[in-house]
Each structure stands twice: as structure tokens, then as C-alpha cells.
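In case you want the letters, here they are:
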Amino acid sequence: MTLQTPTGHTAPLIVDFFHDVVCGWCYVMSPRLRQVAAELDIEVRHRSFILQDSRERIVQAFGTMEKAKTEILGHWEACAKQDDEQRIDIEGMRAESFEYPSGLAGALACQAAHIIGGDAAHWDYFDAVQNAHLSQHRNIGNRSVLLDIAVDLGFARDVFASRMNSEAAGNRVQADRDEARKLGIRSIPTLIVGPDVDRLQTMPAPALRARLQAVMLNA
């Protein structure tokens, strides 16, 4: 299903997907959006949204790093109940000794993937780093872990590292954060859809499909 352009050509509906690598609800939503986007020929653009961008921000939000991990894993429990494939390993993460990471390093890595391979590469990397975080309870605040994930996806380690450190990656993260601020986005995942800027959040795939079809029919 496509939209008619003023010149008579058809163009896919564009959905902007704002997400954070550490967000459990994004992990639940991403495969549903993949499924529906493929069915309806929808173009998905990936946007970085970082809940806390540093250890200091995490402490500011939760009080201490220990409290942060406890509270966030409580959120994971809610996400796990809604995950279609039951992939979230709460107890595995609870047993790890490293502090709960912020999303900044992961966002820069996602943008490195985007610079190399566009939205498709961004999405593949985002899903892989979320799997490492929520299913494998790896420390995605660690640069080496992020580079290992990139290599597993077929990226050249040195090229990926260079892009991750680049001014371009930082600028892309900041541009997405500025856009989220302009749109008034405060929670994720958020999908920005269509000319009327509909905002969709986590929902089952059938409901997502129906909402997106409605936008396409009314555009």
C-alpha cells in the first residue's frame, strides 16, 4: 500500500521510529514494526532518543546506580509480560556486576551503522544491540562490546569504530534529539506517522497494522 504524490507517482508511508537501545518497550515494539512495515511497504526512519545520556543523568533520575538497576529491572518485568517471544532475561541482568548503562554509546554506534548502511543497517544494529542488552545481559555501555556486535553483523571493526567516534555520528544523535524535543516526545518507543503527525506507542501487531492502514487510507 502506497501514497499518491502530487506528480502521480506512489511513495511509501514514512514512519519515524524514535528509540533507545536500553529501552525494553522498544525491544517489544521493533519486531512488530518490522513485520507490519514489510506487509504494508512502509519506510521506517530510525531516530535516536536517549533516556539518560550519562552515569550522572542516571543518578539524577534514580538516586543511585543501585536504585536505577532495581527500578529499571522492574520495568523489564512489565516488558517481558508483553514480549511476543519471551526474550527478556531479567535474572541474567540482575546477576551481572556492571552498572546499568546509559544509551549514549549505543546511540552513537547505531548512527555509525546508519552512516555506513542507512536505515536498514541502523535497524539491524539496533535490534542486535538490544538483543545483547535485554536477552544476553551484556554491557552495551562498553565500547568493545558494541564493536563486537558490529563485527558479528559483518561490519569492519576499524571502519565502524571510526564512524562511531566521528563528528557525523554525534551530529546525527543530536539532530534526532533536537527533533524529538521539537515534537514534544517524552517517552519511547514513539512512532511519528503521516501528515497529521500521529503518535503511536507500544501496541500489538494487529492494532499497529490497523492504525497504519488507517493513516494510509486517509492520507
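Just above sits the structure.
Worth saying up front: this structure is predicted, and the values here are computed from it rather than measured. (Residues numbered from 1 in each chain as written. Predicted model: local features only at pLDDT ≥ 70, side-chain atom pairs only at ≥ 80, totals over all residues. Heavy atoms only, no water.)

1. Observations concerning helix α3 (residues 65-82)
Keep this limit in mind: Helix and strand definitions here come from DSSP, where helices need a minimum of 4 consecutive H or I residues and strands a minimum of 2 consecutive E residues; each element is numbered from the N-terminal end. Expected span of a helix, by definition, is 1.5 Å for each gap between consecutive residues, and there is one gap fewer than residues. The buried label applies to any residue whose accessible area, calculated with a 1.4 Å probe on protein chains only, is under 20% of its type's maximum; exposed applies above 50%, and partly exposed to all values in between. Note that the arc is computed from the directions linking the helix axis to the C-beta atoms.
Compared with an ideal rise of 1.5 Å per residue, which puts 18 residues at 26 Å, α3 spans 26 Å between its outermost C-alpha atoms and is within 8% of the ideal. Looking at α3, one finds that the buried residues are M65, A68, K69, I72, L73, W76, C79 and A80. Looking down the long axis of α3, one finds its buried residues gathered within 120 degrees of arc, a one-sided arrangement. Every exposed residue of α3 that faces more than 90 degrees away from the buried side is listed here: K67, T70 and K81.

2. Section: the nonpolar core
What tends to happen in soluble globular proteins is that the nonpolar side chains get buried as a cluster. As a reminder, the rule being used: Among buried residues, those of type Ala, Val, Leu, Ile, Met, Phe, Trp, Tyr and Cys that are joined through side-chain atoms within 4.5 Å constitute a nonpolar core. Throughout, a residue-residue contact means that at least one pair of heavy atoms, one from each residue, lies within 4.5 Å.
The biggest cluster of nonpolar side chains holds 52 residues, and the ones touching the most others in it are F18, W76, I88, Y125, I140 and F160. When residues of this core are traced back to their parent elements, those giving at least two are α1 (24-40), α2 (55-62), α3, α4 (90-95), α5 (104-135), α6 (143-152), α7 (157-164) and α8 (167-183). If you tally residues by element for this core, the top one is α5, at 12 residues. For F160, the residues in contact, after removing those within four places along its chain, are A109, A112, A113, I116, Y125, L147, A150 and F155. Among the nonpolar cores identified, the runner-up in size contains 20 residues, and M29, V44, W123 and M203 belong to it.

3. Concerning the sheet that holds strand β6 (residues 198-200)
Quick note on the threshold: Two strands form a pair only when DSSP identifies at least two bridges running between them. Axis geometry follows a simple rule: fit a line to the C-alpha atoms, using only the stretch in contact for helices, then measure angles between N-to-C directions, giving values from 0 to 180 degrees.
An order of β4-β3-β5-β6 is seen for the 4 strands of this open sheet, with the pairing classed as mixed. Of all the strands in the sheet, just β4 (43-48) and β6 have a single pairing partner and so form its edges. Between one strand axis and the next, the sheet turns by 25 degrees as a mean value, whatever way the strands run. Pairing between strand β3 (residues 14-19) and β4: 6 bridges, direction parallel. Note that in β4 the partner of V15 across the bridge is V44. Docked against the sheet, α1 engages β3, β4 and β5 (190-193), running at close to 165 degrees with respect to β3.

4. Here's the deal with the side chain of S102
Our working rule: Polar contacts, as counted here, are pairs of nitrogen or oxygen atoms within 3.5 Å of one another; within protein the pair requires one atom able to donate a hydrogen and one able to accept it, and residues that are adjacent in sequence qualify only if both atoms are side-chain atoms.
Topologically, S102 is positioned in the loop between α4 and α5. Side-chain polar atoms of S102 contact the backbone nitrogen of L104, separated by 3.5 Å. Aside from chain neighbours lying at most four places away, what touches S102 is V22, Q52, D53, S54 and I58.

5. Points about the pattern of salt bridges
Side chains that differ in sign of charge can pair as their charged atoms come close. What counts is decided by this rule: In the sections that follow, a salt bridge refers to a side-chain nitrogen of Lys or Arg positioned within 4 Å of a carboxyl oxygen of Asp or Glu.
Scanning the model with the defined rule gives 16 salt bridges in all. Note that R45 is salt-bridged to D16, the shortest N-O span being 2.8 Å. Of this pair, R45 sits in strand β4 while D16 sits in strand β3, placing them 29 residues apart in sequence. In this structure D16 comes out as buried when scored by relative accessible area, which is 10%. Across the salt bridge formed by R94 and E91, the nearest N and O atoms sit 3.1 Å from each other. Here E91 and R94 lie together in helix α4, a separation of 3 residues that amounts to about one turn. Note on R94: relative accessible area 37%, which makes it partly exposed. Shared partners join several salt bridges into a network, and the residues in it are D16, R45, R47 and D176.

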